[in-house]
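# Geometric and topological summary
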Amino acid sequence: MIARSPLLGRLALFARRRYRAVFLGALLCFAIAGLLTAGLEFDTDVLHLLPVHDPAVKTFTDTIEQFESLDNLLVVVRVPEGAVLDRYQAFVDRLGERLQKVPSLQQITYKLDAPEDLLASFLPKSLLFLNESSRPALLQRLSDEGLHSRVSELRRQLSAPQAIAVKELAKLDPAGISEVLLSQMGSNRGSLQADWTSGYLLSGDHRIILLLGKPIKPPQDIDFTRGLIDSVNHEIEATRAEWHELAGDDAGAAPEVVLGGGYMIALSDASLIQSELALNMGTSAIGVLLLFFFAFRRWAALAYPIIPLGGGLLLAFGFARLAFGSLNSATGGVAALLIGMGIDFVIVSYGRYVEARRGGASVEDGLVTMSSTAGLAVFFGAVTTAATFYAFCVTDFRGLRQMGILAGTGILLCAVCVLVLLPALLAWSEERRLAKARNITLHLHTFGSDRLMRACQRRPGIALAIGVVVTVVAALLVPRIHFEDSMQKMRPAGNPGILVQEEVGLHFGSGFDQMMLVISGDSADEVLALSEKAAAGARLLVDRGILRSVEAATAMVPPEEHQKAALEWLAAERVSGALDPVRVKATFLSAAAAEGLRPEAFTHGLDMLAQALQPPDRIRVEDYARSSQTRQVLDRFIRNTKDGWKGIVYLYPPPQVWKREAPPQAYALARDLGPKVALTGINVMSTALRERVRREAIVAAVLGVLLVLAILWIDFRRLRPALLAFVPLLVGGTWMFGAMAAFGIDMNFMNIFVTTMIIGIATDYAIYILHRHEETLDETREVAEAALAETGKGVLLAALTTIVGFGSLATSHYPGLKSMGYVAGLGAGFTCLVSITLLPALLSLLRRGRDRRSPGAQ
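The following refers to the structure shown. (Residues numbered from 1 in each chain as written. Predicted model: local features only at pLDDT ≥ 70, side-chain atom pairs only at ≥ 80, totals over all residues. Heavy atoms only, no water.)

### Considerations on the sheet that holds strand E3 (residues 105–109)
Quick note on the threshold: Whether two strands pair comes down to DSSP finding at least two bridges between them. The numbering of helices and of strands both runs from the N terminus, where a helix is a DSSP run of H or I of at least 4 residues and a strand a run of E of at least 2. In this description, a line fitted to the C-alpha atoms serves as the axis of each element, helices being fitted only across the stretch in contact, and the angle between N-to-C directions of two axes falls anywhere from 0 to 180 degrees. Any two residues having at least one pair of non-hydrogen atoms within 4.5 Å are treated as being in contact.
Reading across the sheet, the 4 strands line up as E3-E4-E2-E5 and stay open at both edges, with antiparallel pairing between neighbours. Edge strands, defined here as strands with exactly one partner in the open sheet, are E3 and strand E5 (256–261). Ignoring strand direction, the axes of neighbouring strands in this sheet form an average angle of 20°. Note that E3 and strand E4 (residues 208–215) share 4 bridges and pair antiparallel. Bridge pairing links Thr109 to Leu212 in E4. Strands in contact with helix H19 (residues 496–508) are strand E2 (73–78), E4 and E5; relative to E5, the strand with the most contacts, it is inclined by about 105°.

Here's what the structure looks like:
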């Protein structure tokens, strides 16, 4: 027979006699915890869930930090089809001027403020970008025939509506050499093509003009981000109010302006997290309390779970404020978890009190029985559950580790609140009842569990046979479970920041998803040399259709060998006369005069062309430091960071291809380039983390099982009941995984945590049943069956409240949280079913075997 806990019995008597002191002490603790909780903040950065020391994660996060690749605010001005662009460009100019004054923005890019400055900087050296395949085209363009053709085309363009923009460009580049920059230099920033005729970040279909903001703080600072968005929206509305002043009274409605990118994504997620956290806590609490009332049929009894669990939640989140300062979005489900599991302690304890009182025990005897027996089971149940949560301390996944610490500590705090406050609440309630001379009928709804448990104990063979069949079928389904490792799919659908980002990618012909070859070097020249090798290898993958396109720093700074070859070719062609600047200038001016153009307008441009035909020096990284525009062009590809020189070669996959993993050929390219080159990207992280999360979940699960086994050994002091406590886990867990496969519920980075949590839930249920079984070892079979059926009522109600508590997560907009709700419900339901069916059947068989060995036993 298992020993009772005298300490818990004495605690119950103290709470019975000094309940006012207990209430006062609890109120003080809750007030302090409430103040701490009020300062708790939430971190919405999904990357903060990931292992901090994982090489793939570190490479990716370091690259983002060093190159600031993802932290942009997209301000999108939508242009109606067929609209006159000049009006919308004037609107963008005014909006850009306003946004430049927003203190939260360190930079706003929406056009090349002076394209002529960029051309003036690079046109004299533009021919150094030429490769062998493009050189014949240049010779043709600068031949006498080509120059006459070019002048004729200029004459036609100057007669078109966009003549003003063409005129300025033609003055600087009369021969059209700037096309070399367009083809060789690619984009102004990212994969967002700048329209070189107008200088704006204008999509190819002329339906979007983009303003790209660079704020002074990261998007994870939600208070900052909220203020930033408010400021930007204020300037947008102010500019929209000036629309008719800018565009005329006949211009129609003001332009539609929307925001997107990382800052809008973070703000939308944070707002949704906060609202859903409150909703989940509210719906969980209401659902659980209604179920509690239905089971015990007393409105006054609702105080028994509300006060201890409310206090436990405050203590848990107050602890989180001290331990972490902020919580990640993944911990948004901890409140529902604590409500759903913490109420188990109330149900099992109060159910035992109801049973004792209905059996004729006095208030004090009922409290002592409740705390010394059921309270002991609650204590070990809480410790085993906390142990499974604490097992996640070994993982390097920061989100899971944080949730494990918070949930484990929260469970213990909820258990302490129940063990201390529930006896005091019952004593206070009984005193009020006596003062009012009222009789109260104590009740606990069975939900049919007593009949089910009695049937399984009387027909254990049939129950176990059915269990074996169901377990085999479930086990056959388990291999069908798919692991979803996409972090993007853990976000809620319909985030406006993501939708706008996708819209920008669609109109600009390129999205924001890319892989990156990150290159390290001791000097800029070393990084450029490796970048050229990487780009050359990547272009071969483009030719094979594995990649869609490639961007590298060598588009801005051609390799030394390439520039040397270009210089030698230019010198040879000048000698032959094909690239003689004197001939080229004379021919162009003659053709311009013949076409009726003013030759003197092109003098400055022809002088720069002459410099291009005999460049004084090679293109170097330092050339891009002369202005903020040129510096922005190169900063995307190469930077001198605190860790030395870093470069990036961007690899763009075909649409909707290679989203879950990177192509093997890209990994091979990185390996072939040596240790100073690493491949990174979202898909690269997914591949690296997929196996790691499985491995670390298994480690945490095994550690959790070993901790639980050790605690059970301390509890029962015998191996057999300790091993029997794992029956609901092994069998119910198999049923849970089988049901997940049958219903198409994927595993992911968040619900894998719940599957491990089921270890604690299942062993809790088993502990309650086994503790009661141990108490009745010396009783008759009929008495033991009745006692076990009484405990089964509490176990079933505990499982139902867990399902209801987690059920609120199933309504979440976050797919990860939603899957946590599904998995928790299935796990709690099936492990409970095994606890009140197969486990009692096994215990019944063991009792019958003992009775046969002991003829005197009844």
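### Some thoughts on unusual backbone geometry
Defined as follows: The rule is simple: take the accessible area with a 1.4 Å probe, protein chains only, and divide by the maximum for that residue type; under 20% is buried, over 50% is exposed, in between is partly exposed.
Even without glycine at this site, His206 takes up a positive phi of about 60°. Structurally, the position occupied by His206 is in the loop between helix H9 (178–185) and E4. Here His206 falls in the partly exposed class, since its relative accessible area comes to 36%.

### Some words on empty space enclosed by the protein
Definition in use: A cavity, in this analysis, means grid points on a 1 Å lattice covering only the protein atoms where a 1.4 Å probe fits yet has no way out; a pocket is instead an open set bounded by protein on both sides within 12 Å along at least five of seven lines, and a residue lines either one if it has an atom within 4 Å of a point. Grid points are joined across faces, edges and corners, and a volume is the space filled by probe spheres set on the points. In this classification, Asp, Glu, Lys and Arg are treated as charged, Ala, Val, Leu, Ile, Met, Phe, Trp, Tyr, Cys and Pro as nonpolar, and every other residue, Gly included, as polar.
Taken as a whole and assessed by the stated rule, the structure comprises 8 cavities of 30 Å³ or more. Taken together, 16 residues form the lining of the largest cavity, with Val348, Arg352, Ala374, Arg772 and Thr791 sitting closest to its centre. Secondary-structure elements contributing two or more residues to the lining of the largest cavity are helix H14 (334–358), helix H15 (363–390), helix H29 (751–775) and helix H30 (781–807). Top element by residues in the lining of the largest cavity is H14. It accounts for 5 residues. Looking at side-chain class alone, the lining of the largest cavity contains 6 nonpolar, 5 polar and 5 charged residues.

### Examining helix H31 (residues 815–836)
Which entries qualify depends on this criterion: Between the first and last residue of a helix there are one fewer steps than residues, each counted as 1.5 Å, and that sum is the expected span.
Taking 1.5 Å per residue, 22 residues should reach 32 Å; H31 reaches 32 Å between its end C-alpha atoms and fits that length. Taking burial as the measure, the 22 residues of H31 include 16 buried ones, the bulk of the element.

### Looking at the pattern of salt bridges
Threshold: Salt bridges are defined by distance alone: a side-chain nitrogen of Lys or Arg within 4 Å of a carboxyl oxygen of Asp or Glu.
For the coordinates displayed, the defined rule picks out 27 salt bridges. Across the salt bridge formed by Asp223 and Arg226, the nearest N and O atoms sit 3.5 Å from each other. Of this pair, Asp223 and Arg226 are both found in helix H10 (residues 222–241), 3 residues apart, which corresponds to roughly one turn of the helix. On the accessibility criterion, Arg226 (29% relative accessible area) is partly exposed.

### Details of the packing of helix H1 (residues 6–17) against H15
Cut-off, in case you're wondering: Reported orientations rely on four angle classes, namely roughly parallel under 35 degrees, roughly antiparallel over 145, roughly perpendicular from 65 to 115, and oblique for the rest. Handedness of a crossing is defined here by the sense of rotation of the near helix relative to the far one, left-handed for an anticlockwise turn of less than a right angle and right-handed for a clockwise turn.
Closest axis-to-axis distance for the H1/H15 pair is 8 Å, and the angle between their directions is 140°. As the angle between them shows, H1 and H15 are arranged oblique. The chirality of how H1 crosses H15 is right-handed. Contact with H1, carried on its side by Leu8, Gly9, Ala12, Leu13, Arg16 and Arg17, involves Val363, Glu364, Leu367, Val368, Ser371, Ser372, Gly375 and Leu376 of H15 and no other residues of that element. Its residues assigned to classes, the contact of H1 with H15 shows 7 nonpolar, 4 polar and 3 charged.

### Things to note about the side chain of Thr680
To be explicit about the condition: Any pair of nitrogen or oxygen atoms within 3.5 Å is treated as a polar contact; in protein, a donor-acceptor pairing is required on top of that, and neighbouring residues in sequence qualify only through side-chain atoms on both sides.
Counting through the fold element by element, Thr680 comes out in strand E11 (residues 677–680). A polar side-chain atom of Thr680 sits 3.5 Å from the main-chain amide nitrogen of Phe60. Apart from residues no more than four positions distant in its own chain, Thr680 is found in contact with Ala56, Thr59, Phe60, Thr63, Met515, Met516 and Val518.

### Some points on the packing of helix H2 (residues 19–38) against helix H13 (residues 303–323)
Where H2 contacts H13, the two axes come as close as 8 Å, and the packing angle between them is 45°. Comparing the axis directions of H2 and H13 gives the class oblique. Helix-helix and strand crossings are classified by hand; for H2 and H13 the assignment is left-handed. Two secondary-structure elements touch here, H2 through Cys29, Phe30, Ala33, Gly34, Leu36 and Thr37 and H13 through Ile307, Gly311, Leu314, Leu315, Phe317, Gly318, Arg321 and Leu322. Broken down by class, the residue content of the contact of H2 with H13 amounts to 9 nonpolar, 4 polar and 1 charged.

### Focus: a nonpolar patch on the surface
Short version of the rule: Each patch is assembled from residues with relative accessible area greater than 30% and no salt bridge, linking like charges that lie within 9 Å and nonpolar side chains (Val, Leu, Ile, Met, Phe, Trp, Tyr) that lie within 5 Å. In this description, accessible areas are obtained by the Shrake-Rupley approach with a 1.4 Å probe, and a residue is regarded as covered only by the protein chains that are shown.
Nonpolar side chains collect at one region of the surface, where Trp713, Ile714, Leu719 and Leu723 lie side by side and expose about 410 Å² of accessible area between them. Of all the secondary structure elements, the ones that give two or more residues to the nonpolar patch are helix H26 (682–716) and helix H27 (719–724). As for its placement among the helices and strands, Leu719 is situated in helix H27. Overall, Leu719 belongs to the partly exposed group, its relative accessible area being 47%.

### Thoughts on the environment of Ile758
Within the fold, Ile758 resides in helix H29. Judged by its relative accessible area of 1%, Ile758 is buried. When the C-alpha atoms of Ile758 and Ala701 are compared, they prove to be 9.8 Å apart, with 57 residues separating the residues in sequence.

### Thoughts on the nonpolar core
We apply this condition: Among buried residues, the Ala, Val, Leu, Ile, Met, Phe, Trp, Tyr and Cys ones that are joined through side-chain atoms within 4.5 Å form a nonpolar core.
Counting residues in each nonpolar core, the largest one holds 205 residues, and the members touching the most others are Leu142, Phe292, Tyr350, Leu517, Leu651, Leu679 and Met757. Per-element accounting of this core gives the leading share, 16 residues, to helix H16 (residues 398–435). Counting 34 residues, the second largest nonpolar core, distinct from the first, contains Val75, Leu85, Ala247 and Ala251.

### Description of the packing of aromatic side chains
Rule in force here: Each Phe, Tyr or Trp ring (for Trp, its six-membered ring) is paired with any other whose centre lies within 6.5 Å, and the angle between the two planes then decides the class: stacked below 30 degrees, edge-to-face above 60, tilted in between.
Inspection of the entire model under this criterion finds 11 aromatic pairs. Between Tyr350 and Tyr353, the aromatic rings sit 6.3 Å apart at their centres with planes inclined by 20°, giving stacked as the arrangement. Of this pair, Tyr350 and Tyr353 both sit in helix H14, 3 residues apart, roughly one helical turn. Counting every residue linked through ring pairs, the aromatic cluster contains Tyr88, Phe91 and Trp243.

### Looking at the pairing of strand E10 (residues 644–652)
In regular strands, side chains alternate between the two faces of the sheet. In terms of residue burial, E10 counts as a mostly covered element, since 7 of its 9 residues are buried. Relative to E10, strand E7 (residues 515–521) runs antiparallel, the two sharing 7 bridges. Of the residues in E10, the one forming a bridge with Val518 is Ile648. Both strand E8 (residues 549–551) and E10 contribute to a ladder of 3 bridges, which runs antiparallel. Bridge pairing in E10 links Glu551 to Tyr650. The antiparallel pairing of strand E9 (residues 638–641) with E10 creates a hairpin that spans 2 residues between the two strands.

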